[in-house]
Amino acid sequence: MSSSIKFLKKLTKRGTKSSDQLRFPSPSPSSIIVESEVSKAGSFKDESPTSSGTAIVCEVVSPAVHTTTIQEPNVLPDVPAPTSSVPPEPDRPKSRLEQAHSELLTASASLATTLSDYFSGSSDSDVPPSDFPISFSSPETFTAAVERILLKQQNQPPTIASRVGSVISKIYPLASLTLGLAASATESAALTPVKGAVNSLALLFTLADQESARGEDFLKQLERIQYQSLRVAEVHKCAEVEVGELLREKSTNLMTSVIRFFDSSIIFFKHDYFYNLGKTVLLGPKIYSDARAELDLAIAEYDQALLLQVTIKVLAMRPAPPVDQKFQQSTLAAWLKSSFWSVDAQFSNNCELRAPGTLQWVLEESEFTSWRLGESKSLWLNGLPGVGKSIITAYLIQVLKAQHPDSVVLYFFCKAGDSTLDNVDRVIRTLAMQLALVAPEAREKLQMLMEEGFQCENDDAYAFSRLVKDTLAVVSRQVFVVIDGLDECFGGAAGAISTLLDVLQKLPVKLLVSSRPTPEISQAMGWGPKRALTFEDSRDDIKLYITMRVTKSKALQKGFFRLQKDPADFLSEKSQGNFLWVSIVLNLLERTPSAKAFQKAIETLPKGIVGVYEKVVDKLVAAETWEMAEAILVCVLFGARPMTMSELTVAVGLLVDEVLDLEQFVESNCGSFLGVVPGKDGPSVHIVHETFRAYITDPAVSKERCVPPGKSHMRLAAACLECLIGSEDEDLADLRRYSTRHWFRHFGDAWGIERDTVVLRIMLRKIHAFTNDDKAVRKWMREFTFLMEREHWFWNIGCFMSDVHYGIFDWLKSDVMQIISENSDDEDDAEEDLHAALAWRMKVINSDSFLAHSIVTNITFVWLNTNWKEVLMSRIAFTQALATAHILQLVEPFTYTPQTPLYGNRYVPKVPDHAKTKPGWTWRYAPSFSNHWENLTLEHIDSLASLGGYNPAIGLQSGNYAFAAWVLRSDACIKPFQRAIDEHPDCWHFHEALGGWHCFSGEKEKAVVCYGEAMKCDPKTPAGCAIEYWSLVSELKKSGGDITGAVEAMRTGMGLVPEKDAEAYWDRIVRIYEESQDWEKVDTVLREAIVKNPTACNGYWRKLADNYDRTFDWQRKMETYFDAMKRDPENSATYAQDLRSMAKDFKHYQLFEPAEVILRNGIERHKEEGDMYRKEMAGCYMAARRWKDAAELYEGIRAGPNAHDWEFKWLNDDLGNAYLGMGETTRALAAYQEKRMEKLAAGDVSGNSDDAAYVHMILGEFTVAIQQIKADITANIKHYPDGPDNWYKASEFMHAHRNLGVCYEALGRMEDAQASFKSAVEVFEKFITELEPFVHTDNKTSYYRSEGRTLLEFGLMLEKIGRREGARRIYEGAAHMYERTTFVGDDEPLQWENEQVALAVRRVSEPELEMEMPSLLEEIGGPRLELRLSLGYRTNWYAYENWRAPSFRGGKDGYPAAMLKDVVS
């Protein structure tokens, strides 16, 4: 028994709890299904057959009215049973619900008629209809009836029954609701739709299987129907949800559209049959598309009804999905460095701010519905501050998650002043993080990116392309991207926001952006849908919010009751629609201590948001808490990142005074403008709204209460330095990490804009105290270096340290510091530390090297006296100390060269030119980097080491010095390494580095010993040099001829490492067998790796497929990809892309048969991407000149559900080419016209009529062709006012003028023709040197057939205007290129082209023969047309001077050489 039957039986056998009942009245003496035969006795039978000829006949057991109860867990409760079977009075108009029921029954009758017509005369079924009765006297009889239908099909495969049952079980929740409603309106036909669906589905499944191309869309629509039906079941799980009449009506309409869709699909599949019966005059595709359009509309209306009446309650009841804590702590999550927790906190906070019942109006907006369900790919919500954009956005995210549970919803909340939320870089990384959390295939893609060494800090556009765009490509589900407050995203390169929006709008995602209406965002969002949010939108919501707040607050209730004021009416009118104003005013009112104070507050309510903020600040001043609040604001508004509560507590204590309970202080005193938000590292404090930032930082508005940026940053810098100076003070420990990373950033952000002498004097004291405390400076430098290692910025340390020098130096020399120095009182003993600082200032500014020497000495000391523990960090410490000394010119400058990377692709900074002449900021601007200095010597290293007090007798210093010599590739590193190892035998990185030196020197046995010692000491698993050790052991065995031993060595090493680190070992084993050319072993090893190391199986599958190229076994390669799709579905999109690339390669080789086999298999075996394979196969047919086959495929794609996807956006061009190749000129012109309109709509005006002009020339319509060609030439001139800028673009111009001349020639306008040919020559002649010399004297410069083809065309133009000698030179050059680019397997058009070149040379070389020039007009079936059409789908192959016939595409070792060798012989 099928699972669906068991499911239905389970439904009918449960108890009859009233809340779960669906009541059906027993039918009257009439057909329950369809009235196909009316008996004289007054009983009705329905004999509409099933797909196999079996009809369902529903007979009435008893005419008495009684109730059948079916307990149904997936349907809505409390559907009312009718109290009477008496029909409505004739004069009473039907309700909308009753009208919907009537239409449902009519549609069901039509479907039954279609089935009857089909089976009564179709030759597809030779089994006559047979009846078996179904009684509805009890629920069990209904289940039995369905079971007989599913399991007793005649002439059908068993799979059809199970497929029908599966679909019916999923549609049943919707049908159950509909049936109950129908029963209450018309007792006679309660189960008609279900019966119609069962009868038709078996037939439709059979027809869809037979019509694979057209059937695919039907099956996709069926999936949509099932999904929408099951949503009713989801709603029913929430017992509190009450279904309204609107949802009942739209559910019935949807069921009607489903029945009509089934009806139309049968006619569509068997259109010829019904047309011959005279049952239809419409085209089959038209019938089907109309039914699908009706279905789309019904789904949209049903969805909206469900959204309006149900979603909110479902949202409230549905728990938030758990966060994958394990992934949050993974290496991949750390590598992404996203703002996931900050964004999640903003989302949660904005969700909590929405009052229950508010924002219902948003769901009714047509713009939102069209974006969510329609074809609109983007939507821009814009509005002024305070209108509630963030709350609306958070609510819409909730709606998307609830209404589209199978989709991926990505989102980001931007917030100005928060470094984790105010830049495009964080947007990109967070979207990638969210993708990884919800889509395993995306996580796998990102894991591969991380492992290949991709750096997240790349340019925004490139980072987005790799982290988001490429990752989205492997996600098969629908994706929504929502970005709130994009106008607050200030970080990133210029134009970063525009770039982000531009790329997002080109991706297959639904994008929603909310922001203030800024010009940049307005331009980037273009002409797409937008919705301006106004204060009027929020008026009703404000009343709800006020009511909710007052209901929850006894203080507010008492206050408004005493004043006899309706709070909702009173405050909503005062608010002028500003939600933020209402929120803050309610906070103020709630904190009033007495009734009189409440009344006074009501009487003096401020106007506008600025007035509210002034009142809030005045209250803090009056309560003597403003100073503490201001200090908190300094940290919140200008912190380099959001501080944790512990960091903020220390910072505020350093700025003003110790706060006893920071969180309580914020909530009780600053709640109107600050809020505590949870985060990954605990709660943090954020401003409630950006309008407060604008108010408090603008001196023109907040006046003496202003918190200015410059002063705030300088105060923060001073506090950070105080923390670093007091490094031993445990009370300051919580702020130490922040201070280490950000003190200089705050100093830099204040430099040049802060002129408050009090603050500047404090800063001078701190700078003096810090720079003169070597212990504090060295500890800071050491911790900063380790911190940079974790943040992957360690290669910038040298630039950063030099920037510290120049920043302090320039500040000390500034005019404002000079004024402070001149105005200081030498006799004031209280300023003793200031005078010492001023004296130090004079030393610094009077010597170019005083401060520089201090910085270089300290960083060099840190380099020599720190156990860096890792080889990479040891190298970095040296190179960055050297870079600092180099930039500050304390070490002799070296010659800059860009070759030979120091480590991977990392480099050492070059001395900026401006730094040699004057102080300047170097690290904020991307410095030039290099790998080494060409003439770096041991003397330079010794000079640097001496600055740090190098003592070779100290083992740690000796080891770090050895790393410097190792960077120099000098054997002077050996003895220092040995001295270091003698003193510190447990420092594994010294052993590892010495092993690396021996390996570099070719002393592999010594290297193995050193690596072995390192592995003994290294506590990491695996040890840092494990792969190097086992690779060397393996290499030594292999060099001795022991292949088996080499492999076993790698297997031994692999057994000692975790699975995630095993990939390098498998790769090495594969390489061993590849070097031995043992391809069967390669195959075996890769298959073993797939099983044993599944986390990296994607790479192994692809290597396995590539392995078959070596034996030219493309069939096994193809099967490998299909096997990979089946066993590794998460990466199926990647394998599918590889498979299509494989077919494309064969197409380019002009080996069309294997390409077709591959793509046909893809269509049949990977239906999810069927249209992608069809598009590729159509291109293959175009290259092979199989125009009709190509046209059918292109038409199939255009008629299918994916027609509007971006991958198929420009198919009209291809379709026009196919029709033209077939000789269908009318259809070709129509397709070209559609293409032209599409491109014009996309803003492409640089010539779009050339294809259509060719058609008109073929038809002899030269006047029309001339008009179009001239329009193209005009557009080209407009687009390129200075003319073409390269030979390729010039050739396009030349072809346009050539075609114009050909048209004039055909009309007998010879002067105009000559003028056009001369224009063609003039536009291209200036670029001819780019193609010279025509004959190469080396074997490195390639020939391309396209270049020879262009020369041939240019020669024809020269010949046309009588320049025969010039034409001869050009023809000879073209002939040489054609000779070199002639390959085995060239088809007839290519061979014809070769003949044309030879004839051209002869024509101009032997004028006495008086050979006529060929016609340049194309004709249907002619080689000129066939060549032009097919070339767009073929590869422009190249060759070299030393190539001689026979030549093969792909070279002597490619597939053509292997597969076409018999042709040559």
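This is a predicted model, so every value here is computed, not measured. (Residues numbered from 1 in each chain as written. Predicted model: local features only at pLDDT ≥ 70, side-chain atom pairs only at ≥ 80, totals over all residues. Heavy atoms only, no water.)

Caption draft 1: Quick look at the overall build of the protein chain. Along its length, the protein chain carries 68 helices and 19 strands. By the burial criterion, 54% of the 1465 residues in the protein chain qualify as buried. For the protein chain, restricting intrachain contacts to residue pairs at least 6 apart in sequence, the fraction spanning at least 24 positions comes to 73%. Taken as a whole, the protein chain presents about 63,800 Å² of accessible surface, with 51% of it coming from carbon and sulfur. (Helix = DSSP H or I, 4+ residues; strand = E, 2+ residues; numbered from the N terminus. Buried < 20%, exposed > 50% of the residue type's maximum accessible area, 1.4 Å probe, protein only. Contact = heavy atoms within 4.5 Å. Areas by Shrake-Rupley, 256 points an atom, 1.4 Å probe, with all protein chains shown as cover.)

Caption draft 2: Structural context of helix 46 (residues 1004-1017). Relative to the 20 Å expected for 14 residues at 1.5 Å per residue, helix 46 spans 20 Å between its end C-alpha atoms, a close match to the ideal helical length. Buried within helix 46 we find Ala1007, Val1008, Cys1010, Tyr1011, Gly1012 and Ala1014. Of the surrounding elements, those touching the buried residues of helix 46 are helix 45 (988-1000) and helix 47 (1026-1039). (Expected span 1.5 Å × (residues − 1).)

Caption draft 3: Geometry of the packing of helix 50 (residues 1079-1092) against helix 51 (residues 1097-1107). Interhelical geometry of helix 50 versus helix 51 gives an angle of 160 degrees and a closest axis separation of 9 Å. In terms of orientation, helix 50 lies roughly antiparallel with respect to helix 51. Considering how the two elements wind past one another, helix 50 and helix 51 form a crossing that is left-handed. Listed contacts from helix 51 to Trp1079, Val1082, Asp1083, Leu1086, Arg1087, Ala1089 and Ile1090 of helix 50 are Cys1097, Tyr1100, Trp1101, Lys1103, Leu1104 and Asn1107. For the contact of helix 50 with helix 51, the per-class residue count stands at 9 nonpolar, 1 polar and 3 charged. (Axes fitted to C-alpha atoms, helices over the stretch in contact; angles between N-to-C directions. Parallel < 35°, antiparallel > 145°, perpendicular 65-115°, else oblique. Left-handed = near helix turned anticlockwise from the far one by under 90°. Nonpolar A, V, L, I, M, F, W, Y, C, P; charged D, E, K, R; others polar.)

Caption draft 4: Region of the structure containing the sheet that holds strand 9 (residues 479-484). Pairing is parallel in the open sheet, where 5 strands are placed in the order 8-9-10-7-11. The strands lining the two open edges of the sheet, one partner per strand, are strand 8 (408-413) and strand 11 (530-533). Adjacent strand axes in the sheet meet at a mean angle of 10 degrees, parallel and antiparallel pairs treated alike. As defined by bridge partners, strand 7 (residues 378-383) adjoins strand 11 across 4 bridges and the pair is classed as parallel. Along strand 11, the bridge assignment pairs leucine 381 with arginine 531. In the packing of helix 20 (residues 496-506) onto the sheet, contacts are made with strand 7, strand 9 and strand 10 (510-515), and the angle to strand 10 comes to roughly 150 degrees. (Pairing = 2+ DSSP bridges.)

Caption draft 5: How the structure looks around the environment of alanine 877. As for its placement among the helices and strands, alanine 877 is situated in helix 41 (residues 871-887). With relative accessibility at 8%, the residue alanine 877 sits in the buried group. On a C-alpha basis, the gap between alanine 877 and asparagine 960 in space is 8.8 Å, while along the polypeptide they are 83 residues apart. In contact with alanine 877, not counting residues within four places along its chain, are Trp863 and Trp868.

Caption draft 6: Expanded view of the nonpolar core. Grouped together as the largest cluster of nonpolar side chains are 133 residues, with contacts concentrated most on Ile632, Leu674, Trp743, Phe747, Trp780, Trp811 and Trp863. Per-element tally for this core: the top contributor is helix 28 (residues 626-638), with 11 residues. Setting aside residues up to four positions removed in sequence, tryptophan 743 forms contacts with Ala717, Cys720, Leu721, Leu724, Tyr738, Ile767, Phe770, Trp780, Val804 and Ile808. Judged by nonpolar contacts, the second largest core, of 92 residues, contains Ala1026, Trp1066, Leu1104 and Ala1124. (Core = buried A, V, L, I, M, F, W, Y, C linked by side-chain atoms within 4.5 Å.)

Caption draft 7: Seen up close, the pairing of strand 13 (residues 684-687). Going residue by residue along strand 13, you find Ser684 and His686 tucked away on one face and Val685 and Ile687 tucked away on the opposite face as well. Across 4 bridges, the pairing between strand 12 (residues 674-677) and strand 13 is antiparallel. When the bridges of strand 13 are listed, valine 677 appears paired with serine 684.

Caption draft 8: Structural context of the environment of threonine 691. Note on placement: threonine 691 falls in helix 31 (residues 690-696). On the basis of relative accessibility, which here comes to 15%, the residue threonine 691 falls in the buried class. Sequence separation of threonine 691 and proline 385 is 306 residues, and the distance between their C-alpha atoms is 6.7 Å. Within polar-contact distance, the side chain of threonine 691 engages the side chain of tyrosine 613 at 2.7 Å. (Polar contact = N/O pair within 3.5 Å; in protein donor to acceptor, adjacent residues only side chain to side chain.)

Caption draft 9: Structural detail: the pairing of strand 10. Summarising burial for strand 10: 6 of the 6 residues are buried, a large majority. Of the two faces of strand 10, both are covered, the one formed by Lys510, Leu512 and Ser514 as well as the one formed by Leu511, Val513 and Ser515. Pairing of strand 7 with strand 10, which is carried by 5 bridges, proceeds in the parallel orientation. Paired with serine 378 across the two strands is leucine 511, which belongs to strand 10.

Caption draft 10: How the structure looks around a negative patch on the surface. Negative charge collects at one region of the surface, where Glu627, Asp657, Glu658, Asp729, Glu730 and Asp731 lie side by side. Turning to its location among the elements, glutamate 627 is positioned in helix 28. With a relative accessible area of 55%, glutamate 627 lands in the exposed category. (Patch = residues over 30% accessible without salt bridge, like charges linked within 9 Å, V, L, I, M, F, W, Y side chains within 5 Å. Salt bridge = Lys/Arg side-chain N within 4 Å of Asp/Glu carboxyl O. Lys, Arg positive; Asp, Glu negative; His and termini not counted. Charge placed at Lys NZ, Arg CZ, Asp CG, Glu CD.)

Caption draft 11: The packing of aromatic side chains, seen in detail. According to the stated counting rule, one finds 46 aromatic pairs in the structure shown. Centre to centre, the rings of tryptophan 966 and tryptophan 997 are 5.5 Å apart; their planes meet at 90 degrees, and the pair counts as edge-to-face. You can see tryptophan 966 sitting in helix 43 (residues 955-967) and its partner tryptophan 997 sitting in helix 45, a full 31 residues away along the chain. Tryptophan 997 gets classed as buried once you look at its relative accessible area, which sits at 6%. Relative to tyrosine 1288, the ring of tryptophan 1287 lies with its centre 6.0 Å away and its plane at 85 degrees, an arrangement referred to as edge-to-face. (Phe/Tyr/Trp six-rings, centres within 6.5 Å; stacked < 30°, edge-to-face > 60°.)

Caption draft 12: Spatial organisation of the packing of helix 65 (residues 1388-1405) against helix 66 (residues 1423-1431). Remark: helix 65 packs on helix 66, axes separated minimally by 9 Å, with the N-to-C direction vectors making an angle of 115 degrees. When you trace helix 65 past helix 66, the crossing you get is left-handed. Of the residues in helix 66, those in contact with Pro1389, Leu1390, Trp1392 and Glu1393 of helix 65 are Pro1423, Arg1424, Glu1426 and Leu1427. In the contact of helix 65 with helix 66, the residues fall into 5 nonpolar, no polar and 3 charged.

Caption draft 13: Geometry of helix 63 (residues 1345-1360). For helix 63, with 16 residues, the first-to-last C-alpha span of 23 Å sits near the 22 Å given by 1.5 Å per residue. Counting buried positions along helix 63 gives 16 out of 16 residues, so the element sits mostly inside the fold.

Caption draft 14: Region of the structure containing the environment of alanine 555. Within the secondary structure layout, alanine 555 lies in helix 23 (residues 554-563). Among the residues examined, alanine 555 registers a relative accessible area of 38% and is labelled partly exposed. For alanine 555, the residues in contact, after removing those within four places along its chain, are Glu590 and Phe598.

Caption draft 15: Representation of unusual backbone geometry within the structure. The omega torsion of the bond from threonine 1021 to proline 1022 falls at -5 degrees, within 30 degrees of zero and hence cis. Mapped onto the elements, proline 1022 comes out in the loop between helix 46 and helix 47. Residues glutamate 1332 and proline 1333 are joined by a peptide bond in cis, for which omega reads -5 degrees. Along the chain, proline 1333 turns up in the loop between helix 62 (1310-1325) and strand 18 (1343-1344). Of note, the phi angle at glutamine 564 is positive, near 55 degrees, even though the residue is not glycine. Inspection of the secondary structure puts glutamine 564 in the loop between helix 23 and helix 24 (567-575). Take glutamine 564: its relative accessible area is 63%, and that puts it in the exposed class. Phi at phenylalanine 1112 takes a positive value of approximately 55 degrees, unusual for a residue other than glycine. Tracing the chain through its elements places phenylalanine 1112 in the loop between helix 51 and helix 52 (1114-1127).

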